[in-house]
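# Report on the structure
The residues making up each chain are set out below.
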Amino acid sequence: MPELPEVETTLRGVMPHINNKKISGIVIRQSQLRWPVSPELPANILNQKIRSGARRGKYLLFNIAQGHLLIHLGMSGSLRVVNATEPPLFHDHIDLQFGTISLRYSDPRRFGCWLWIGGKPEEHKLLKALGPEPLTENFYADYLWQKSRGRHKTLKEFIMDNHVVVGVGNIYANESLFMAGIKPIRKAGTLTKKEAALWVEKIRFVLQRSIDQGGTTLRDFVGGDGKPGYFQQQLLVYGRGDQPCVNCAKPLKEIRLGGRSTVYCVHCQT
Ligand SMILES: [Zn+2]
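Every chain's residues receive numbers from 1 upward, in the order its sequence appears when written. Totals for whole chains, interfaces and linings use every residue, but because this is a predicted model, local features are given only for residues with pLDDT of at least 70 and side-chain atom pairs only at 80 or more, for both listing and counting. As a rule here, side-chain values come from all non-hydrogen atoms in the structure, and water together with hydrogens is ignored.

### Some points on the side chain of K183
The cut-off we apply is this: A helix here means a DSSP run of H or I that spans at least four residues, while a strand means a run of E at least two residues long, and both kinds are numbered starting from the N terminus. In this description, contact between two residues means that some pair of their heavy atoms is separated by no more than 4.5 Å.
Position of K183 relative to the elements: it lies in the loop between α5 (170-180) and α6 (193-213). Excluding residues that lie within four positions of it along the chain, K183 makes contacts with L155, Y264, V266, Q269 and T270.

### Here we look at the pattern of salt bridges
Pairs may arise between side chains of opposite charge once their charged atoms sit close together. Where we set the bar: A pairing counts as a salt bridge when a side-chain nitrogen of Lys or Arg comes within 4 Å of a carboxyl oxygen of Asp or Glu. Here's how the labels work: a residue is buried when its accessible area is under 20% of the maximum for its type, exposed when over 50%, partly exposed in between, all with a 1.4 Å probe on protein chains only.
The full count for this structure, using the stated rule, is 13 salt bridges. The partner of R186 in a salt bridge is E195, and the shortest N-O contact between them spans 2.8 Å. For the pair shown, R186 and E195 are each scored as buried. Where salt bridges share partners, they join E8, R12, R55, R56 and E133 into one cluster.

### Quick look at the sheet that holds strand β7 (residues 101-106)
Operational definition: Any two strands with at least two DSSP-identified bridges between them are counted as paired. Here an axis means a line fitted to C-alpha atoms, over the contact stretch when the element is a helix, while the angle between two N-to-C directions is reported on a 0 to 180 degree scale.
Ordered by their spatial adjacency, four strands build an open sheet running β1-β6-β7-β5, and the pairing between neighbours is antiparallel. Looking along the sheet, the strands with just one partner apiece sit at the ends: β1 (25-28) and β5 (78-83). This sheet shows a mean twist of 20° between the axes of neighbouring strands, independent of strand direction. Across six bridges, strand β6 (residues 92-98) lies against β7 in antiparallel orientation. Each bridged residue has a counterpart across the sheet, and for F98 the counterpart in β7 is I101. Here helix α1 (residues 4-18) sits on the sheet in contact with β5, β6 and β7, set at roughly 30° to β5.

### Topic: the packing of α5 against α6
What counts is decided by this rule: Roughly parallel means an angle under 35 degrees; roughly antiparallel means over 145; roughly perpendicular covers 65 to 115; every other angle is labelled oblique. Should the near helix be turned counterclockwise from the far one by less than a right angle, the crossing is left-handed, whereas a clockwise turn marks it as right-handed.
The contact between α5 and α6 brings their axes to 8 Å, and the two run at 130°. Taken together, the axis directions place α5 and α6 in an arrangement best described as oblique. Judged by the twist between their axes, the crossing of α5 over α6 is right-handed. Here Y172, E175, S176, L177, M179 and A180 of α5 come into contact with α6, specifically with L198, W199, K202, I203, F205, V206, L207, R209 and S210.

### Some remarks on the coordination of the zinc ion
Inclusion rule: Any nitrogen, oxygen or sulfur atom within 2.8 Å of a metal ion counts as a donor, with the limit raised to 3.2 Å for Na, K and Ca, and since water is left out, coordination shells can look unfinished. The geometry test gives tetrahedral to four donors whose angles all lie between 85 and 135 degrees, gives square planar to four donors and octahedral to six donors whose opposite members are over 155 degrees apart with all other angles between 65 and 115, and gives irregular to the rest.
Surrounding the zinc ion are the protein donor atoms C245 (SG), C248 (SG), C265 (SG) and C268 (SG), which sit 2.2 to 2.4 Å from the metal. Metal-centred angles of 102 to 114° between the four donor atoms at the zinc ion mark the site as tetrahedral. Spacing between the donor residues of the zinc ion along the chain follows C-x2-C-x16-C-x2-C. Pair noted here: C248 is in the loop between α6 and β9 (253-257) and C268 is in the segment after β10 (260-264), with a separation of 20 residues, a long-range link.

### Observations concerning the side chain of R240
Applied cut-off: The convention is simple: Lys and Arg are positive, Asp and Glu are negative, and His and the chain ends are not counted.
Along the chain, the position of R240 falls in the loop between α6 and β9. Buried charge without a salt bridge: R240, with E175 as the nearest opposite-charge side chain at an N-O distance of 7.6 Å. In this structure R240 touches L235, V246, L252 and V263, once residues within four positions along its chain are discounted.

### So, the confidence of the model for the protein
For the record, the criterion: pLDDT gives the predictor's per-residue confidence on a scale running from 0 to 100.
Averaged over every residue, the pLDDT of the protein is 92; residues scoring 70 or more account for 93%. Within the model, pLDDT remains below 50 along residues 216-230, and this stretch shows 38 contacts once partners closer than five positions in the same chain are excluded.

Next up, the structure:
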């Protein structure tokens, strides 16, 4: 699943090719994504320039004329820049054409979306309830600590809740909890101020490192320049159930929390 770093990498990868360029065509081969592609989308964006691009959580926002094109990559979506004449593959559902090049959207599982937002994007129903961006000053220890007061869900499920903070997916929740020495199964309300400070630091670290490396291991991700997005990360716990802990060498424990694989060290994480 594309996580925040992959989405950020996608944005950085495609923008130099499409920014300030006029959309000369749009080809929609499959409009049935998570939600149907906005019917008003083609008329609103055709012959308009991409003015800028941004990311909010795992949403991409392209500012075009009077509104925004909002794209989510879903479970398996990817965007890449291709030569417009390159024949589409089976899962290449949408092309945005910019003269001789196309921004091509592929999504085998079709959980992504392409929507038109005419008004302010921050007021759109998909975006307005989102928590702060983890790499900005709006995400800090005291905020996290306050937000966790009285919460009964586990710390891992708490941090993966987009209303708390956006973009801390399963890999990053596992890794940051290990680095901060915090057990994922504890109730969120037990978080101390000291732990909140360390956890915020580790969340920022793992996300930033991944962005710097250009994304994490993701089968379906294709970089904006066409290179596959396989980036080896030094994952300490994720995907390492029963393997030795890098600190104490005892086997890591793997359980499921909220349906997601959760790996931690019962000795090193308290
Ligand atoms: Zn350990």
